[in-house]
Amino acid sequence: FSELMDNPVPPKELYAKAVSGPVNYQQFMAQLLECRSLEKREVYQFRAGINPNTPISKYVEIDYMKTFPGKRADYMKMETEVYNPIHQERIKLRALTNWGLYEKLLPYEFDNENDFITANFFDDLRSIIDPKYEEAFNSMPNNIDFIRLSGQVDQTRKMVRSDLWKLVDHIDGNNTK
């Protein structure tokens with residue numbers, strides 16, 4: 001978090017490390033600003049998940065969640081103790097490659113659209129059509145009553161919206177210069 005706020009390496013130096021060729025930093029920034037604009041910046045903290053070392057997935061479904069007043073702890077417990085094992089089963093069934101729960105830190109506003117996001121990572125779009133929730137429930141020991149569970153989760157939060165993102169490009173420790 002501190003590196004996000006007080007990055008010790010100036011952007012110009014990062015650019016010089018990453019890009020070689022005739023385009024200088026000022027030209028690069030001017031070209032970048034011509035083709036895009038920053039709409040908003042949000043900072044989320046990882047709260048729970050299955051495997052942070054999972055390779056990058058091709059798709060991610062982002063579910064934006066708004067907790068009801070006084071239900072933050074109940075919601076987090078529901079995600080970590082109930083849904084995390086279900087998503088582990090979905091990974092075994094190859095419907096997901098990973099899952100995570102993230103809490104919104106910034107910007108903090110009284111009327112934020114959402115307080116949390118959950119991220120469902122996968123490589124095959126068929127996972128949207130057949131997410132394998134029922135199979136996951138049925139294959140779990142001590143099967144949880146789905147109707148009771150749905151009622152409990154609906155008392156802790158509201159899903160505001162859901163987005164589907166496709167990976168276009170990325171940089172990690174394996175593909176840097």
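Here is what the cut-offs are and how they apply
- Residues numbered from 1 in each chain as written.
- Predicted model: local features only at pLDDT ≥ 70, side-chain atom pairs only at ≥ 80, totals over all residues.
- Heavy atoms only, no water.
- pLDDT = per-residue confidence, 0-100.
- Helix = DSSP H or I, 4+ residues; strand = E, 2+ residues; numbered from the N terminus.
- Phe/Tyr/Trp six-rings, centres within 6.5 Å; stacked < 30°, edge-to-face > 60°.
- Buried < 20%, exposed > 50% of the residue type's maximum accessible area, 1.4 Å probe, protein only.
- Lys NZ or Arg CZ within 6 Å of the ring centre and 35° of its normal.
- Salt bridge = Lys/Arg side-chain N within 4 Å of Asp/Glu carboxyl O.
- Core = buried A, V, L, I, M, F, W, Y, C linked by side-chain atoms within 4.5 Å.
- Contact = heavy atoms within 4.5 Å.
- Pairing = 2+ DSSP bridges.

**Student:** Help me out: how do you make sense of the confidence of the model for the chain in this one?
**Tutor:** Detailed reading of predicted coordinates is not advised where the pLDDT is low. The predicted model of the chain averages 84 in pLDDT, with 81% of residues at 70 or higher. When mean pLDDT is taken per element in the chain, strand 2 (residues 59–67) scores highest with 96 and helix 1 (residues 2–5) scores lowest with 63.

**Student:** Explain the packing of aromatic side chains here, please?
**Tutor:** Aromatic ring pairs are described here by two measures, namely the spacing of the ring centres and the angle between the planes. For the coordinates displayed, the defined rule picks out three aromatic pairs. Seen from their ring centres, Tyr59 and Phe122 are 5.8 Å apart, and the 25° between their planes marks the pair as stacked. Of this pair, Tyr59 sits in strand 2 while Phe122 sits in strand 4 (residues 116–122), placing them 63 residues apart in sequence. Overall, Phe122 belongs to the buried group, its relative accessible area being 2%. Its guanidinium or amino end placed over the ring of Tyr133, Arg90 lies 4.1 Å from that ring's centre, counting from NZ or CZ. Across from the ring centre of Tyr64, 3.8 Å away, lies the NZ or CZ of Arg161, which sits over that ring.

**Student:** Could you clarify how one ought to interpret the pattern of salt bridges in this entry?
**Tutor:** Where charged atoms from two side chains of opposite charge approach closely, those side chains can pair. Following the criterion strictly, the structure yields 12 salt bridges and no others. The shortest N-O distance in the salt bridge between Arg161 and Glu113 comes to 3.0 Å. You can see Arg161 sitting in strand 5 (residues 157–166) and its partner Glu113 sitting in the loop between strand 3 (98–106) and strand 4, a full 48 residues away along the chain. Taking the shortest distance from any N to any O, the salt bridge between Asp130 and Lys132 comes out at 3.1 Å. Take Asp130: its relative accessible area is 38%, and that puts it in the partly exposed class. In the salt-bridge network here, residues are joined through shared partners; they are Lys40, Glu42 and Lys104.

**Student:** Would you explain the nonpolar core in this entry?
**Tutor:** Nonpolar side chains in soluble globular proteins generally cluster together in the buried interior. If you look at the biggest cluster of nonpolar residues, it comprises 10 residues: Ala48, Tyr59, Met65, Tyr75, Met76, Leu96, Trp99, Leu101, Phe116 and Phe122. Elements that contribute at least two residues to this core include exactly strand 2, helix 4 (72–92), strand 3 and strand 4. When residues no more than four places from it in sequence are discounted, the contact partners of Leu101 are Gln45, Phe46, Arg47, Ala48, Tyr75, Glu79, Thr80, Phe116, Ile117 and Thr118. One finds Met78, Ala136, Phe137 and Val153 within the second-largest nonpolar core, a separate group that totals nine residues.

**Student:** Even after reading the chapter, I still don't get the pairing of strand 2, so can you show me in this structure?
**Tutor:** Within a regular strand, side chains alternate between the sheet's two faces. Most of strand 2 sits out of view: seven of its nine residues are buried. Where strand 2 lies against strand 4, seven bridges are found, and the strand directions are antiparallel. Its bridge partner being in strand 4, Asp63 is matched across the sheet by Thr118. Pairing of strand 2 with strand 5, which is carried by nine bridges, proceeds in the antiparallel orientation. Paired with Tyr64 across the bridge in strand 5 is Arg161.

**Student:** For this particular structure, what's the right way to read the side chain of Asn98?
**Tutor:** Structurally, Asn98 is set in strand 3. When its relative accessible area of 10% is taken as the criterion, Asn98 is described as buried. Setting aside its immediate chain neighbours within four residues, Asn98 contacts Ile50, Asn51, Pro52, Thr54, Ile91, Ala119, Asn120 and Phe121.

**Student:** What should I look at first to understand unusual backbone geometry in this one?
**Tutor:** A negative phi holds for most residues other than glycine; trans holds for most peptide bonds. The step from Leu106 to Pro107 runs through a cis peptide bond, and the omega angle for that step is -5°. Non-glycine residue Arg94 carries a positive phi angle of around 65°. A positive phi is found at Lys132, a non-glycine position, where the angle reads about 65°.

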